[in-house]
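An overview of the molecular structure
What follows is the residue order along each chain.
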Amino acid sequence: MKTLVQICQIIVGCGLLNVWLLRFNKSTAYRGGTAANMLEEFAAYGLPAWSCYLVGLLKVASALALLAGLIYPALALPAAIVIALLMSGAVAMHFKVGDPIKKSVPALSVLVLSAIIIAGHWQG
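What you see as residue numbers is a count from 1 along each chain, following the sequence as written. Given that this is a predicted model, residues contribute local features only at a pLDDT of at least 70 and side-chain atom pairs are listed and counted only at 80 or more, while totals for whole chains, interfaces and linings are drawn from all residues. Values reported for side chains reflect all heavy atoms of the structure, with hydrogen atoms and water molecules removed beforehand.

Overview of the packing of aromatic side chains
For any pair of aromatic rings, the description consists of the separation of the ring centres together with the inter-plane angle of the planes. Only rings of Phe, Tyr and Trp enter the pairing, Trp through its six-membered ring, and a pair is recorded when the two centres are within 6.5 Å. The plane angle decides the type: under 30 degrees is stacked, over 60 is edge-to-face, the rest tilted. Under the counting rule described, the total for this entry stands at four aromatic pairs. Aromatic side chains Trp-20 and Phe-24 sit 5.9 Å apart centroid to centroid with 50° between the ring planes, which places their arrangement in the tilted category. Here the two residues Trp-20 and Phe-24 agree in accessibility, since each one is buried. Ring pairing ties together the aromatic residues Trp-20, Phe-24, Phe-42, Tyr-45 and Tyr-53, which thus form one cluster. When accessible area is computed with a 1.4 Å probe and restricted to protein chains, residues below 20% of their type maximum are described as buried, those above 50% as exposed, and intermediate ones as partly exposed.

Re the nonpolar core
Among the nonpolar cores identified, the biggest contains 29 residues, and Val-12, Trp-20, Leu-66, Ile-83 and Ile-117 are the most heavily contacted of them. For this core, the secondary structure elements donating two or more residues are helix 1 (2–22), helix 2 (38–44), helix 3 (49–68), helix 4 (76–96) and helix 5 (105–123). Working definition: helices are DSSP H or I runs of at least four residues, strands are E runs of at least two. Numbering for both runs from the N terminus. Here the element with the most residues in this core is helix 4; it accounts for nine residues. Not counting chain neighbours up to four residues away, the residues in contact with Ile-117 comprise Val-5, Cys-8, Gln-9, Val-12, Leu-66, Ala-76 and Ala-80. Buried residues of nine kinds, namely Ala, Val, Leu, Ile, Met, Phe, Trp, Tyr and Cys, make up a nonpolar core once their side-chain atoms join them within 4.5 Å. Only heavy atoms enter the contact rule, under which two residues are in contact if any of them lie within 4.5 Å.

Looking at the packing of helix 4 against helix 5
Relative placement of two packed helices is described by the angle separating their axes and the distance separating the axes. Running from N to C, helix 4 and helix 5 cross one another at 150°; their axes reach a closest spacing of 8 Å. Taken together, the axis directions place helix 4 and helix 5 in an arrangement best described as roughly antiparallel. Between helix 4 and helix 5 the crossing geometry is left-handed. Here Ala-76, Leu-77, Ala-80, Ile-81, Ile-83, Ala-84, Met-87, Ser-88, Ala-90 and Val-91 of helix 4 lie close against helix 5, whose contacting residues are Ala-107, Leu-108, Val-110, Leu-111, Ser-114, Ile-117, Ile-118, His-121 and Trp-122. Interaxial angle, 0 to 180 degrees, is taken between N-to-C directions of lines fitted to C-alpha atoms, where a helix line uses only the stretch in contact. When describing relative orientation, an angle under 35 degrees is termed roughly parallel and one over 145 degrees roughly antiparallel, while 65 to 115 degrees is termed roughly perpendicular and anything else oblique. Working rule for handedness: look at the near helix, and if it is turned counterclockwise from the far one by less than a right angle, call the crossing left-handed; if clockwise, right-handed.

Some details on the packing of helix 3 against helix 4
Viewed as axis vectors pointing N to C, helix 3 and helix 4 meet at an angle of 145°, and their least axial separation amounts to 8 Å. Note on packing geometry: the crossing formed by helix 3 with helix 4 is left-handed. Contacts from Val-55, Leu-58, Lys-59, Ser-62, Ala-63, Ala-65 and Leu-66 in helix 3 reach Ala-76, Ala-79, Ala-80, Val-82, Ile-83, Leu-86 and Met-87 in helix 4.

With respect to helix 3
A rise of 1.5 Å per residue sets the reference length of helix 3, with its 20 residues, at 28 Å; its end C-alpha atoms lie 29 Å apart and thus fit the reference within 8%. Turning to helix 3, its buried residues number three or more, namely Ser-51, Cys-52, Val-55, Gly-56, Lys-59, Val-60, Ser-62, Ala-63, Ala-65 and Leu-66. Where the residues of helix 3 are buried, they touch helix 1, helix 2, helix 4 and helix 5. What a helix is expected to span follows from its residue count: subtract one and scale by 1.5 Å.

Here's what the structure looks like:
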């Protein structure tokens, strides 16, 4: 189980860093509504621009904590909990704007991976 949890930490950590640092201003098939970038996506959800930066800060910090958690395991559980909560919100936002389920797949996947990390760390 420990190896599975570590693999999940790497996937989630690197995936979030990719989305928030490398793909922030790029269009993807998974953006909410008709958004072409992250700020437009938050606007499509009816959220203010500052919330995009707050969520981004939380996700990047949590992603870094997950990766650091490979060396300092105490960091991984709180980071995974924060990510799971944020991904729950992301899924809710996709449903709020009536997106097809396909657009929720990345958020749902990261939510499941975060749940595996949480379960693995609670099991000890």
